[in-house]
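Close look at the chain arrangement
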Amino acid sequence: MVSSEGLSGLPPPVAAPMTQFGVTKPISMAGPTEADIRRTRDLEKFLVEAGLYESKEEAAKRKEVLDRLQEILTDWVKRLTRLRGYTDQMVEDANAVIFTFGSYRLGVHGPGSDIDTLCVGPSYVNREEDFFFVLYNILAEREEVTELQPVPDAHVPVMKFKFDGISIDLLYASISRLLVPLDLDISDISVLYNVDEPTVRSLNGCRVADQILKLVPNVEHFRTTLRCLKFWAKRRGVYSNVTGFLGGVNWALLVARVCQLYPNAAPSMLVSRFFRVYTQWRWPNPVMLCAIEEDDLGFSVWDPRKNPRDRTHHMPIITPAYPCMNSSYNVSTSTLRVMMEQFQYGNNICEKIELNRVKWSALFEPYLFFESYKNYLQVDVLAADADDLRAWKGWVESRLRQLTLMIERDTYGKLQCHPYPHEYVDSSKPCAHYAFFMGLQRKQGEIVQEGQQFDIRGSVDEFRHSVSMYMFWKPGMEIYVSHVRRKQLPAYVFPDGYKRPRNLRFTPHHQCDTLSHDIGVACQTESGEKCLKRKKDLDGENSEQSRPAKRKSPDRSQSVSPEIISCKLSSTSPGCSTWDLDNMNGLAEGNASSTPSVISSGSHEDVGNESAGSSEVSNGGDDNPMSSQSDSCDDSKSSVDDEDADRNRVFQDGLPEELEPNAVVGVVLKSMNGVVDSETVQNPVMRHVEFDINSVRDKRVHLGTLVGGL
């Protein structure tokens, strides 16, 4: 037998070394085929037609607004420099520099989106007085500035306003320099010298955005893919950091990791690979773009071996700039479940797109939240006027995630919550009003006895107590929490006041064990096709339910469930007498379904999550990786395994081996001395929030029963 070397006289070609992007080698270096290029063109066309790109005129206006804001901030710093008694030369040289981050910095913003901005000022200009008092008054006097709202107590202090119609989120960071150069490199670690934690969090948004753009193989492919997936997440109701899903920076980091794993892929390929990767990702293994590096500055970095709280994170997505932190600590067990279901939905649709069975529009079908559950919690937020409501709503929304965690904790995870990141307005109400909704279902596969009940009154009381701690509370700021069955949902949550028909069609992402009450069958996981029919004759029922019924404009009896869980926070509310609690409780008298005060597991025909469908979401997420007004209370595990002979500890990449047979995974955590502690990661302990609820329960009004369907 003659070798190929003997025939040609040359040694066989040696494969070129695979370029590594990020912490592991790529899964595939394959480029796009003709079909992939065609699908990418179709995707880009769809995104343009969907209105996701701003016009040249709006882009020019944004730049003009940033230039004018830069002038205002420079004059503000010069004025303060003069008041501090510095020399005329110092006053002339004094300066502040604006940086952008979030979607605008990444190049994926769309029409009407806000601009996340950071003002970096000298050491003698502080945040507490100079930024939130002096600058606030300067901005309040300008005609082009509207809806000015300072949030000094936020996890990342921010000033929100509109400048000539453009929404601005302005952060401030005072660095340890007397003069801020115009060419300041914010990625340099020296900007973190001698600054406090809020300043580090403020600076981190810009530093993370710059690192993301440096760590992806192809910036344009990254931007197209991210723009697509942000739009998808909003349509499917999983785009909101504050309610426990993912915000802008989280989606950017997930997309960037997929770009590293498939460096030569076109956007259509990256979208498909995104769902393929994350449907198989082994959470809570972290997603990282680079190795975690420690530094001698002393700031805490994400490390579940050293920090017990880090072990409780369910879906770690680690920021690439020092200090590296988990940007998705808001994610809970329930919201992770919802996102994994949506990833599977996206994966199924992308498989059909690659087979040319459906078009890209199928991927972006809105999620029918109000047809997906039998039971909901409705949280009504009221205030005396629009300005008070804006601040009050923001505070309540930031605490909704805590209600999810409290219910999960108090029911031992058997009652699952699905917070919907969208607010609704009932224009018929005399007060300024918003409403939020949460879907409720018992955990699928959980064995329950007939009539088993969930009592969440304590959870709701604790939530009300935490909300009442709002330091800027004013008379008229009220909150109601009530149980609403699907048939009692207010008309204003449905487009044009119509309620959709009950005989819902199944979409490809439905799992076999989904139990549907309205179509009268329950599919069993064991057989895949075997179904249990209800004893009732459904022919007449289905024919009645197949006709959409027009809903009238609701009065109070339609928009608030007779089964009130929580009374209002204040006893008086000027101008809001129609929301009297006694009137609301009185509605329960004629309701045949109102029985004592807990959530019941009910009978088998009432059990389960309804078929999923659609309602468009426009609520955004936070683009700063550390911006949240509250800390996480969740519990989870984080796995750390021995990988190398030298006993260095590594974080496993979350990809299963079957995704790519030869894929090398594993993320090394670097330390200053090159040695990584091999301490065993302990299982997390369920943490309960201490709360004296007896005083609240003494005053509790009658809690309506949440019956059946869970």
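Figured I'd write up the structure that's included with this text. None of these values were measured; they are calculated from a predicted model. (Residues numbered from 1 in each chain as written. Predicted model: local features only at pLDDT ≥ 70, side-chain atom pairs only at ≥ 80, totals over all residues. Heavy atoms only, no water.)

Description of the nonpolar core
By size, the foremost hydrophobic cluster in this structure holds 93 residues, and its most contacted members are F222, W232, W251, F274, Y278 and L363. At ten residues, helix 9 (residues 248–261) tops the list of elements feeding residues into this core. Excluding its chain neighbours within four sequence positions, the residues that come into contact with W251 are L226, K230, W232, A233, V238, Y239, L246, F274 and F343. Of all hydrophobic cores here, the second largest spans 31 residues; its members include V65, F131, M159 and Y172. (Core = buried A, V, L, I, M, F, W, Y, C linked by side-chain atoms within 4.5 Å. Buried < 20%, exposed > 50% of the residue type's maximum accessible area, 1.4 Å probe, protein only. Helix = DSSP H or I, 4+ residues; strand = E, 2+ residues; numbered from the N terminus. Contact = heavy atoms within 4.5 Å.)

Quick notes on unusual backbone geometry
The phi torsion of most residues other than glycine is negative, and most of the peptide bonds are trans. The amide bond that connects W283 to the next residue, P284, takes the cis arrangement and shows omega of 10°. Along the chain, P284 turns up in the loop between helix 10 (267–279) and helix 11 (333–354). With an omega dihedral of -5°, the bond running from Y322 to P323 counts as a cis peptide bond. Of note in the backbone geometry, N194 takes a positive phi value of approximately 55° without being a glycine. Relative to the assigned elements, N194 resides in the loop between strand 5 (166–174) and helix 7 (197–215). With a phi close to 60°, N356 is a non-glycine residue in the positive phi region. Along the chain, N356 turns up in the loop between helix 11 and strand 6 (375–383).

Here's the deal with the sheet that holds strand 3 (residues 145–151)
Judged by pairing direction, the sheet is mixed, and its five strands sit side by side in the order 1-2-5-4-3 without closing on themselves. The sheet is open, and its two edges are formed by strand 1 (97–101) and strand 3, each paired on a single side. Here the average twist between neighbouring strands, direction ignored, is 25°. The pairing of strand 2 (residues 115–121) with strand 5 spans seven bridges and is parallel. Residue pairing for strand 5: T117 is matched across the bridge by L170. (Pairing = 2+ DSSP bridges. Axes fitted to C-alpha atoms, helices over the stretch in contact; angles between N-to-C directions.)

Considering the pattern of salt bridges
For the coordinates displayed, the defined rule picks out 27 salt bridges. Salt-bridge contacts for E147 lead to K162; the nearest nitrogen and oxygen are separated by 3.9 Å. Here E147, found in strand 3, pairs with K162, found in strand 4 (residues 158–163); they are 15 residues apart in sequence, far enough to count as distant. According to the relative accessible area criterion, E147 is partly exposed, its value standing at 38%. R457 is the salt-bridge partner of D455, the closest N and O atoms lying 2.7 Å from each other. Judged by relative accessible area, R457 falls into the partly exposed class, the value being 22%. Shared partners join several salt bridges into a network, and the residues in it are E64, R68, R142, E144 and D164. (Salt bridge = Lys/Arg side-chain N within 4 Å of Asp/Glu carboxyl O.)

Points about the state of the cysteines
Across all of its chains, the model carries zero disulfides by this definition. As a non-bridged cysteine, C290 has C324 as the owner of its nearest cysteine sulfur, 5.4 Å distant. (Disulfide = S-S within 2.5 Å.)

Here we look at the side chain of D210
You can see D210 is positioned in helix 7. Only 2.9 Å separates the side chain of D210 from the side chain of R105, close enough to count as a polar contact. In this structure, D210 is in contact with R105, I186 and S187, ignoring residues within four places of it in sequence. (Polar contact = N/O pair within 3.5 Å; in protein donor to acceptor, adjacent residues only side chain to side chain.)

Read these as spatial facts, not as claims about activity.
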